[in-house]
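Take a look at the letters that make up each chain.
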Amino acid sequence: MRAFKIGIITIVLLLIATLLTLRVTGLDPRYIDPTTEAYEEVGRTAWPGLWLSGEVVREPVTNWDFINEVNHPVRGNAVMLETLSWFGLPHSVTIYAIPRGERLYVGGSRRDSRLEKPFPHSKRWWANMERDPRVRMKIDGKIYELTVVRIADRDKLREAINREPFLTRLDENGREEIYGYWHYWEAFQRGVEDYGGDS
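The rules behind each value
- Residues numbered from 1 in each chain as written.
- Predicted model: local features only at pLDDT ≥ 70, side-chain atom pairs only at ≥ 80, totals over all residues.
- Heavy atoms only, no water.
- Helix = DSSP H or I, 4+ residues; strand = E, 2+ residues; numbered from the N terminus.
- Areas by Shrake-Rupley, 256 points an atom, 1.4 Å probe, with all protein chains shown as cover.
- Salt bridge = Lys/Arg side-chain N within 4 Å of Asp/Glu carboxyl O.
- Buried < 20%, exposed > 50% of the residue type's maximum accessible area, 1.4 Å probe, protein only.
- Contact = heavy atoms within 4.5 Å.
- Core = buried A, V, L, I, M, F, W, Y, C linked by side-chain atoms within 4.5 Å.
- Pairing = 2+ DSSP bridges.

## Considerations on the overall build of the protein
Scanning the protein for helices and strands turns up four helices and nine strands. Shown N-terminal to C-terminal, the secondary structure of the protein runs as helices and strands in the order α-α-β-β-β-β-β-α-β-β-α-β-β. Total accessible area computed for the protein in this model is approximately 12,400 Å², and 53% of it derives from carbon and sulfur atoms.

## A few points about the pattern of salt bridges
Applying the stated criterion across every chain, the model contains eight salt bridges. Across the pair Glu145 and Arg58 runs a salt bridge whose closest N-O atoms are separated by 2.8 Å. Within this pair, whereas Glu145 is found in strand 7 (residues 142–150), its partner Arg58 is found in the loop between strand 1 (55–56) and strand 2 (79–84), the two being separated by 87 residues in sequence. Measuring nitrogen to oxygen at the nearest pair gives 3.0 Å for the salt bridge that ties Glu82 to Arg136. Taken together, the residues Glu82 in strand 2 and Arg136 in strand 6 (residues 134–139) connect sequence positions 54 residues apart. Neither Glu82 nor Arg136 differs from the other in exposure class; each is buried.

## A closer look at the environment of Ser122
In this fold, Ser122 is placed in the loop between strand 5 (103–111) and helix 3 (124–131). In the structure, Ser122 is positioned 12 residues away from Arg110 in sequence and 7.0 Å away in space, judged by C-alpha atoms. Setting aside chain neighbours within four positions, we find Ser122 in contact with Arg110, Arg114 and Lys117.

## Considering the nonpolar core
Within soluble globular proteins, side chains that are nonpolar generally end up buried alongside one another. In terms of nonpolar packing, the biggest core is built from 23 residues, with Trp64, Leu81, Leu104, Met129, Met137, Ile139 and Leu146 touching the most fellow members. Elements represented by at least two residues in this core include exactly strand 2, strand 3 (90–95), strand 5, helix 3, strand 6, strand 7 and strand 9 (176–189). Each residue touching Leu81, except ones within four places of it in the same chain, is listed here: Leu52, His91, Ser92, Val93, Ile95, Trp125, Met129, Val135, Arg136 and Met137. In terms of nonpolar packing, the next biggest core, distinct from the first, is built from 10 residues, Leu157, Ile161, Tyr179 and Trp182 among them.

## Structural notes on the pairing of strand 7
Judged from the two bridges that link them, strand 1 and strand 7 form a sheet pairing that is parallel. In the sheet register, Val56 faces strand 7, and the bridge partner there is Ile143. With six bridges joining them, strand 6 and strand 7 adopt antiparallel strand pairing. Across the sheet, Arg134 pairs through a bridge with Thr147, a residue of strand 7. The turn linking strand 6 back onto strand 7 is made up of two residues, and Asp140 within it adopts a positive phi angle of 50°. Taken together, the five bridges between strand 7 and strand 9 define a ladder with antiparallel strand orientation. Looking at the pairing, Val149 lines up with Glu186 of strand 9.

Set out below in structure tokens:
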């Protein structure tokens with residue numbers, strides 16, 4: 001019995017040490033190019049990460065278009081997004097953000113079998129953002145702290161992403177069917193001193 005207790009304590013201590021190490025070093029999510037067949041083979045998803053590491057930006061960003069200029073050798077201009085799970089550990093994923101000057105949008109689509117799950121439960125990071133809208137985004141090695149607000153109005157969403165918020169195709173009978181929906185959130189920077197102006 002004593003050996004069992006020592007074994008359990010050792011495992012718990014190793015787990016705590018591992019999490020503390022990852023908290024300091026970070027653990028980025030896996031990236032798979034969404035234009036490849038490999039991405040389809042893994043169900044349009046990749047292994048998530050935990051904490052994102054990098055220098056936290058405290059200056060206000062007034063134009064997010066610089067994201068389009070980022071050219072990482074593997075991820076291109078994809079960014080990493082860290083959300084907080086209900087059990088307290090972070091859940092980070094690689095996504096494409098949509099910068100529109102002073103506005104920034106994050107999100108993506110749910111398709112095919114993911115349509116069987118009600119929104120937002122088809123993607124863990126969506127459910128995390130709906131529960132706790134405070135997120136962290138890693139862009140070109142730097143961390144931006146943000147608060148997200150889901151765009152529920154279809155016209156505003158269409159304007160933000162420059163397309164219809166649903167995907168359609170013809171079924172075997174030639175009828176149009178919806179096989180995917182886009183869900184997006186507008187992101188607002190937090191933790192900055194000042195957004196400029198006289199105040």
